[in-house]
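The primary structure of each chain is shown beneath.
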Amino acid sequence: MNGGIVKLQLDQFLLIYVLLIITTIVMKKCRVNQTKQLVAASIKMTVQLIIAGLILTYIFGNPHPVFTLAYLAAMTAFSIHRAVSKNRDLNRRFKLAIGLSIALSGMLVLIFFICAVVREDIFNPQYVIPISGMIMGNTMTGVSLGVKSFRETLLDQRAKINALTCIGASPRDILLPFVRQSLETALLPTINSMVGMGIVSLPGMMTGQILAGTMPLTAILYQISMMIAICTSVTAACFSSLYLGYKTLYGPKEQIINI
(Lines give C-alpha, C1' and ligand atoms only; values in the text may rest on other atoms or scores of the structure.)
Protein backbone atom coordinates (compact mmCIF):
# COMPACT_ATOMS: atom_id res chain seq x y z
CA MET A 1 0.00 0.00 0.00
CA ASN A 2 1.31 3.46 -0.92
CA GLY A 3 2.50 5.20 2.24
CA GLY A 4 1.84 8.78 1.16
CA ILE A 5 -0.58 11.00 -0.65
CA VAL A 6 0.03 12.27 -4.20
CA LYS A 7 0.99 15.94 -4.06
CA LEU A 8 -0.96 18.11 -6.49
CA GLN A 9 1.04 20.58 -8.54
CA LEU A 10 -0.50 23.96 -9.35
CA ASP A 11 -1.31 22.99 -12.96
CA GLN A 12 -3.03 19.80 -11.74
CA PHE A 13 -5.01 21.71 -9.13
CA LEU A 14 -6.19 24.37 -11.60
CA LEU A 15 -7.75 21.68 -13.80
CA ILE A 16 -10.52 21.19 -11.22
CA TYR A 17 -11.88 24.62 -12.14
CA VAL A 18 -12.73 23.22 -15.56
CA LEU A 19 -15.57 21.37 -13.81
CA LEU A 20 -16.71 24.61 -12.19
CA ILE A 21 -16.77 26.34 -15.58
CA ILE A 22 -18.87 23.49 -17.01
CA THR A 23 -21.26 23.79 -14.06
CA THR A 24 -21.70 27.53 -14.51
CA ILE A 25 -22.30 27.12 -18.26
CA VAL A 26 -25.02 24.54 -17.58
CA MET A 27 -26.63 26.80 -14.96
CA LYS A 28 -26.48 29.75 -17.32
CA LYS A 29 -28.04 27.79 -20.17
CA CYS A 30 -30.82 26.60 -17.84
CA ARG A 31 -31.31 30.18 -16.61
CA VAL A 32 -30.66 29.25 -13.01
CA ASN A 33 -30.45 32.46 -10.99
CA GLN A 34 -27.74 31.26 -8.62
CA THR A 35 -24.85 31.26 -11.10
CA LYS A 36 -23.30 34.41 -9.63
CA GLN A 37 -23.71 33.06 -6.11
CA LEU A 38 -21.95 29.84 -7.13
CA VAL A 39 -18.99 31.71 -8.62
CA ALA A 40 -18.79 34.03 -5.60
CA ALA A 41 -19.02 31.10 -3.19
CA SER A 42 -16.27 29.24 -5.08
CA ILE A 43 -13.95 32.24 -4.96
CA LYS A 44 -14.72 32.81 -1.30
CA MET A 45 -14.11 29.14 -0.50
CA THR A 46 -10.79 29.13 -2.37
CA VAL A 47 -9.49 32.26 -0.63
CA GLN A 48 -10.65 31.13 2.82
CA LEU A 49 -9.12 27.67 2.47
CA ILE A 50 -5.81 29.04 1.19
CA ILE A 51 -5.64 31.42 4.16
CA ALA A 52 -6.62 28.58 6.52
CA GLY A 53 -3.95 26.36 4.95
CA LEU A 54 -1.25 28.99 5.50
CA ILE A 55 -2.33 29.54 9.10
CA LEU A 56 -2.48 25.80 9.83
CA THR A 57 0.94 25.26 8.25
CA TYR A 58 2.36 27.81 10.66
CA ILE A 59 0.48 26.38 13.67
CA PHE A 60 1.52 22.78 12.90
CA GLY A 61 5.12 23.94 12.46
CA ASN A 62 5.00 25.94 15.70
CA PRO A 63 2.56 24.05 17.98
CA HIS A 64 1.53 26.10 21.00
CA PRO A 65 -1.63 25.99 23.15
CA VAL A 66 -2.28 29.69 22.53
CA PHE A 67 -2.43 29.19 18.76
CA THR A 68 -4.74 26.19 19.09
CA LEU A 69 -7.07 28.02 21.48
CA ALA A 70 -7.11 31.11 19.28
CA TYR A 71 -8.06 29.06 16.22
CA LEU A 72 -10.80 27.25 18.16
CA ALA A 73 -12.15 30.56 19.46
CA ALA A 74 -12.24 32.04 15.95
CA MET A 75 -13.93 28.89 14.58
CA THR A 76 -16.56 28.92 17.33
CA ALA A 77 -17.23 32.65 16.95
CA PHE A 78 -17.66 32.30 13.19
CA SER A 79 -20.02 29.33 13.62
CA ILE A 80 -22.19 31.30 16.05
CA HIS A 81 -22.14 34.35 13.80
CA ARG A 82 -23.24 32.32 10.76
CA ALA A 83 -26.06 30.63 12.66
CA VAL A 84 -27.33 33.90 14.16
CA SER A 85 -26.92 35.93 10.94
CA LYS A 86 -29.32 33.57 9.16
CA ASN A 87 -31.93 34.40 11.82
CA ARG A 88 -31.47 38.13 12.39
CA ASP A 89 -35.04 38.79 13.54
CA LEU A 90 -34.70 36.74 16.71
CA ASN A 91 -34.63 38.46 20.08
CA ARG A 92 -31.34 38.77 21.98
CA ARG A 93 -32.07 35.99 24.48
CA PHE A 94 -32.85 33.54 21.68
CA LYS A 95 -29.58 34.49 19.97
CA LEU A 96 -27.73 34.03 23.26
CA ALA A 97 -29.27 30.56 23.61
CA ILE A 98 -28.05 29.70 20.11
CA GLY A 99 -24.53 30.95 20.83
CA LEU A 100 -24.17 29.13 24.13
CA SER A 101 -25.65 25.94 22.68
CA ILE A 102 -23.22 25.82 19.76
CA ALA A 103 -20.18 26.69 21.88
CA LEU A 104 -20.86 24.36 24.80
CA SER A 105 -22.10 21.39 22.78
CA GLY A 106 -19.24 21.59 20.31
CA MET A 107 -16.50 22.07 22.89
CA LEU A 108 -17.73 19.38 25.29
CA VAL A 109 -18.01 16.79 22.51
CA LEU A 110 -14.59 17.83 21.19
CA ILE A 111 -12.94 17.48 24.61
CA PHE A 112 -14.49 14.05 25.12
CA PHE A 113 -13.45 12.90 21.64
CA ILE A 114 -9.84 14.07 21.97
CA CYS A 115 -9.24 13.10 25.60
CA ALA A 116 -11.31 9.91 25.93
CA VAL A 117 -11.49 8.42 22.43
CA VAL A 118 -8.29 9.50 20.68
CA ARG A 119 -6.43 10.06 23.98
CA GLU A 120 -4.29 12.88 22.68
CA ASP A 121 -3.26 16.20 24.18
CA ILE A 122 -6.22 18.59 24.03
CA PHE A 123 -3.86 21.25 22.64
CA ASN A 124 -2.47 19.05 19.84
CA PRO A 125 -3.43 21.07 16.72
CA GLN A 126 -3.06 18.09 14.37
CA TYR A 127 -6.09 16.44 15.98
CA VAL A 128 -7.97 19.26 17.67
CA ILE A 129 -8.34 21.69 14.76
CA PRO A 130 -9.55 19.30 12.00
CA ILE A 131 -11.89 17.42 14.35
CA SER A 132 -13.32 20.61 15.85
CA GLY A 133 -13.88 21.90 12.32
CA MET A 134 -16.04 18.89 11.45
CA ILE A 135 -17.96 19.08 14.73
CA MET A 136 -18.54 22.84 14.71
CA GLY A 137 -19.36 22.98 11.00
CA ASN A 138 -22.07 20.33 11.25
CA THR A 139 -23.37 21.81 14.51
CA MET A 140 -23.67 25.25 12.92
CA THR A 141 -25.54 23.82 9.94
CA GLY A 142 -27.92 21.81 12.13
CA VAL A 143 -28.77 24.71 14.41
CA SER A 144 -29.25 27.11 11.48
CA LEU A 145 -31.61 24.66 9.81
CA GLY A 146 -33.55 23.93 13.00
CA VAL A 147 -34.06 27.56 14.01
CA LYS A 148 -34.95 28.57 10.46
CA SER A 149 -37.54 25.80 10.28
CA PHE A 150 -38.94 26.85 13.67
CA ARG A 151 -39.31 30.50 12.66
CA GLU A 152 -40.88 29.70 9.30
CA THR A 153 -43.35 27.32 10.93
CA LEU A 154 -44.39 29.97 13.46
CA LEU A 155 -44.96 32.51 10.71
CA ASP A 156 -46.97 30.04 8.62
CA GLN A 157 -49.06 29.04 11.63
CA ARG A 158 -49.62 32.53 13.05
CA ALA A 159 -53.40 32.34 12.65
CA LYS A 160 -53.52 28.99 14.42
CA ILE A 161 -51.30 30.29 17.22
CA ASN A 162 -53.52 33.35 17.72
CA ALA A 163 -56.63 31.15 17.80
CA LEU A 164 -55.11 28.80 20.40
CA THR A 165 -53.99 31.78 22.48
CA CYS A 166 -57.53 33.21 22.43
CA ILE A 167 -59.03 30.00 23.80
CA GLY A 168 -56.53 29.92 26.67
CA ALA A 169 -53.89 27.43 25.50
CA SER A 170 -50.53 27.91 27.22
CA PRO A 171 -47.48 29.02 25.18
CA ARG A 172 -45.76 25.78 26.12
CA ASP A 173 -48.57 23.67 24.65
CA ILE A 174 -48.67 25.86 21.53
CA LEU A 175 -44.95 26.10 20.79
CA LEU A 176 -43.55 22.73 21.88
CA PRO A 177 -44.98 20.79 18.89
CA PHE A 178 -43.23 23.25 16.58
CA VAL A 179 -40.00 22.82 18.55
CA ARG A 180 -40.14 19.03 18.16
CA GLN A 181 -40.92 19.30 14.46
CA SER A 182 -38.01 21.69 13.89
CA LEU A 183 -35.66 19.45 15.86
CA GLU A 184 -36.56 16.54 13.58
CA THR A 185 -35.90 18.73 10.54
CA ALA A 186 -32.50 19.78 11.88
CA LEU A 187 -31.40 16.20 12.58
CA LEU A 188 -32.61 14.75 9.28
CA PRO A 189 -29.47 15.57 7.19
CA THR A 190 -27.16 14.06 9.81
CA ILE A 191 -29.27 10.91 10.14
CA ASN A 192 -29.55 10.52 6.36
CA SER A 193 -25.79 10.92 6.07
CA MET A 194 -25.24 8.17 8.65
CA VAL A 195 -27.70 5.83 6.93
CA GLY A 196 -26.07 6.17 3.51
CA MET A 197 -22.48 6.14 4.73
CA GLY A 198 -20.32 3.29 3.48
CA ILE A 199 -22.87 2.23 0.86
CA VAL A 200 -23.82 5.41 -0.98
CA SER A 201 -20.72 7.42 -0.06
CA LEU A 202 -17.31 7.24 1.55
CA PRO A 203 -17.12 10.25 3.89
CA GLY A 204 -14.43 12.90 3.74
CA MET A 205 -12.49 12.01 6.88
CA MET A 206 -12.25 8.35 5.92
CA THR A 207 -11.32 9.15 2.31
CA GLY A 208 -8.63 11.59 3.43
CA GLN A 209 -7.06 9.07 5.78
CA ILE A 210 -7.06 6.33 3.14
CA LEU A 211 -5.48 8.69 0.59
CA ALA A 212 -2.81 9.54 3.18
CA GLY A 213 -1.96 5.83 3.52
CA THR A 214 -3.93 4.88 6.64
CA MET A 215 -5.27 1.33 6.76
CA PRO A 216 -8.98 1.27 5.82
CA LEU A 217 -10.05 -0.37 9.11
CA THR A 218 -8.39 2.39 11.15
CA ALA A 219 -10.01 5.02 8.92
CA ILE A 220 -13.40 3.33 9.38
CA LEU A 221 -13.09 3.35 13.18
CA TYR A 222 -12.22 7.04 13.13
CA GLN A 223 -15.13 7.81 10.81
CA ILE A 224 -17.68 5.94 12.92
CA SER A 225 -16.44 7.72 16.04
CA MET A 226 -16.53 11.06 14.24
CA MET A 227 -20.08 10.63 12.98
CA ILE A 228 -21.37 9.71 16.44
CA ALA A 229 -19.58 12.76 17.88
CA ILE A 230 -21.11 15.00 15.20
CA CYS A 231 -24.58 13.56 15.75
CA THR A 232 -24.27 14.13 19.51
CA SER A 233 -23.11 17.71 19.12
CA VAL A 234 -25.80 18.56 16.53
CA THR A 235 -28.54 16.99 18.66
CA ALA A 236 -27.44 18.71 21.87
CA ALA A 237 -26.99 22.12 20.23
CA CYS A 238 -30.29 22.00 18.33
CA PHE A 239 -32.19 20.72 21.37
CA SER A 240 -30.86 23.40 23.72
CA SER A 241 -31.17 26.20 21.12
CA LEU A 242 -34.82 25.42 20.42
CA TYR A 243 -35.92 24.47 23.94
CA LEU A 244 -34.23 27.45 25.56
CA GLY A 245 -35.07 29.73 22.67
CA TYR A 246 -38.81 29.13 22.50
CA LYS A 247 -39.12 30.19 26.14
CA THR A 248 -37.92 33.67 25.18
CA LEU A 249 -41.02 34.11 23.00
CA TYR A 250 -43.43 34.66 25.89
CA GLY A 251 -43.45 36.72 29.06
CA PRO A 252 -44.17 36.06 32.75
CA LYS A 253 -47.91 36.32 32.15
CA GLU A 254 -47.81 33.38 29.69
CA GLN A 255 -48.52 35.72 26.78
CA ILE A 256 -46.69 35.16 23.51
CA ILE A 257 -44.91 38.43 22.90
CA ASN A 258 -42.52 37.86 20.02
CA ILE A 259 -42.57 35.57 16.98
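Structure report, in brief. This is a predicted model, so every value here is computed, not measured.

## Some details on unusual backbone geometry
Here is step 1: Within the chain, Arg119 stands out as a residue other than glycine whose phi angle is a positive 60°.
Here is step 2: Locating Arg119 in the fold gives a position in the loop between α5 (92-118) and α6 (125-156).
Here is step 3: Here Arg119 falls in the exposed class, since its relative accessible area comes to 68%.

## Comments concerning the pattern of salt bridges
Here is step 1: Under the counting rule described, the total for this entry stands at two salt bridges.
Here is step 2: Salt-bridge contacts for Arg151 lead to Asp89; the nearest nitrogen and oxygen are separated by 3.2 Å. Taken together, the positions of Arg151 in helix α6 and Asp89 in the loop between α4 (65-85) and α5 put the pair 62 residues apart, joining distant regions of the chain.
Here is step 3: For Asp89, a relative accessible area of 63% corresponds to the exposed category.
Here is step 4: Glu152 is the salt-bridge partner of Lys148, the closest N and O atoms lying 2.7 Å from each other. With Lys148 and Glu152 both in helix α6, this residue pair falls four residues apart, about one helical turn.
Here is step 5: By relative accessible area, Glu152 is classed as partly exposed at 38%.

## Observations concerning the packing of aromatic side chains
Here is step 1: Summed over the entire model, instances satisfying the criterion amount to five aromatic pairs.
Here is step 2: Aromatic pair Phe94 and Phe150: ring centres 6.2 Å apart, planes at 50°, arrangement tilted. Here the residue Phe94 occupies a position in helix α5, and Phe150 occupies one in helix α6, the gap between them amounting to 56 residues. We note that Phe94, like Phe150, is buried.
Here is step 3: Taken together, Phe239, Tyr243 and Tyr246 form an aromatic cluster joined through their ring pairs.

## Let's talk about the environment of Val147
Here is step 1: In this structure, Val147 sits in helix α6.
Here is step 2: Since its relative accessible area comes to 1%, Val147 is described here as buried.
Here is step 3: Note: C-alpha distance between Val147 and Ile98 (49 residues apart in sequence) is 8.8 Å.
Here is step 4: Residues contacting Val147, with those up to four places away along its chain left out, are Asn87, Leu90, Phe94, Ile98 and Leu242.

What counts, and at which threshold
Residues numbered from 1 in each chain as written. Predicted model: local features only at pLDDT ≥ 70, side-chain atom pairs only at ≥ 80, totals over all residues. Heavy atoms only, no water. Helix = DSSP H or I, 4+ residues; strand = E, 2+ residues; numbered from the N terminus. Buried < 20%, exposed > 50% of the residue type's maximum accessible area, 1.4 Å probe, protein only. Salt bridge = Lys/Arg side-chain N within 4 Å of Asp/Glu carboxyl O. Phe/Tyr/Trp six-rings, centres within 6.5 Å; stacked < 30°, edge-to-face > 60°. Contact = heavy atoms within 4.5 Å.

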